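Summary of the model geometry
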Amino acid sequence: QVQLVESGGGLVQAGGSLRLSCAASGRTFSSYAMGWFRQAPGKEREFVAAISWSGGSTYYADSVKGRFTISRDNAKNTVYLQMNSLKPEDTAVYYCAAGDTIVVVTTTMGYLEVWGQGTLVTVSS
């Protein structure tokens, strides 16, 4: 089973950018669709973005559409989340997760079994 480790979080001012990475172990990474999720203090975890196993399909939450870009490099077993024009409301712990298909990742967060430990993003106003 694939294991995931996120990195790239930190403190950034509103309007700034960060790029998160999610490194996967295991030779089956390229067979998984991947997603990014986030959980703000006192709130439930929510979907942010997803990408198919090939990278040919992507899907975004309305709140990040046009500002965030998900991508993957199967040769490096890594999925990325480029975050631009950050807002204070983007402050959260960001998690990556793996699923069988982009539909599964996008619609069945509660059933995803493979998660990273999370990386904290703090956006100051």
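Above this text sits the structure in question.
Source: prediction; values computed, not measured.

Using the criterion set out here, one finds 1 disulfide in the structure. In this model C22 forms its disulfide with C96; the gap between the sulfur atoms is 2.0 Å. Judged by the sign of its S-S torsion, about 60 degrees, the bond between C22 and C96 is right-handed. Taken together, the residues span a long stretch of sequence, with C22 in strand β3 (residues 18-25) and C96 in strand β9 (residues 92-99) at a distance of 74 residues.

A few words now on the nonpolar core. In terms of nonpolar packing, the biggest core is built from 39 residues, with L4, M34, W36, L81, M83 and Y94 touching the most fellow members. If you list the elements that add at least two residues to this core, you get β3, β4 (33-39), β5 (46-51), β7 (68-73), β8 (78-83), β9, α1 (102-107) and β11 (119-124). Excluding anything up to four places from it in sequence, L81 contacts L18, R19, L20, W36, V48, A49, F68, T69, I70 and Y94.

Per the stated rule, a full pass over the model turns up 4 aromatic pairs. Summarising the aromatic geometry, the rings of F37 and F47 are spaced 5.7 Å apart at their centres and angled 70 degrees between planes, so their arrangement reads as edge-to-face. Residue F37 is located in strand β4, and its partner F47 is located in strand β5; the two are separated by 10 residues in the primary sequence. The exposure class assigned to F37 is buried, which follows from its relative accessible area of 0%. Geometrically, the ring pair formed by Y95 and W115 is edge-to-face, given 6.4 Å between the ring centres and 85 degrees between the ring planes.

It is worth spelling out unusual backbone geometry at this point. We note that N77 has phi near 55 degrees; this positive angle belongs to a residue other than glycine. In this structure, N77 sits in the loop between β7 and β8. Look at S85: it is not a glycine, yet its phi comes out positive at around 50 degrees. A relative accessible area of 42% means that S85 is categorised as partly exposed.

Basis of the calculations
- Residues numbered from 1 in each chain as written.
- Predicted model: local features only at pLDDT ≥ 70, side-chain atom pairs only at ≥ 80, totals over all residues.
- Heavy atoms only, no water.
- Disulfide = S-S within 2.5 Å.
- Helix = DSSP H or I, 4+ residues; strand = E, 2+ residues; numbered from the N terminus.
- Core = buried A, V, L, I, M, F, W, Y, C linked by side-chain atoms within 4.5 Å.
- Buried < 20%, exposed > 50% of the residue type's maximum accessible area, 1.4 Å probe, protein only.
- Contact = heavy atoms within 4.5 Å.
- Phe/Tyr/Trp six-rings, centres within 6.5 Å; stacked < 30°, edge-to-face > 60°.

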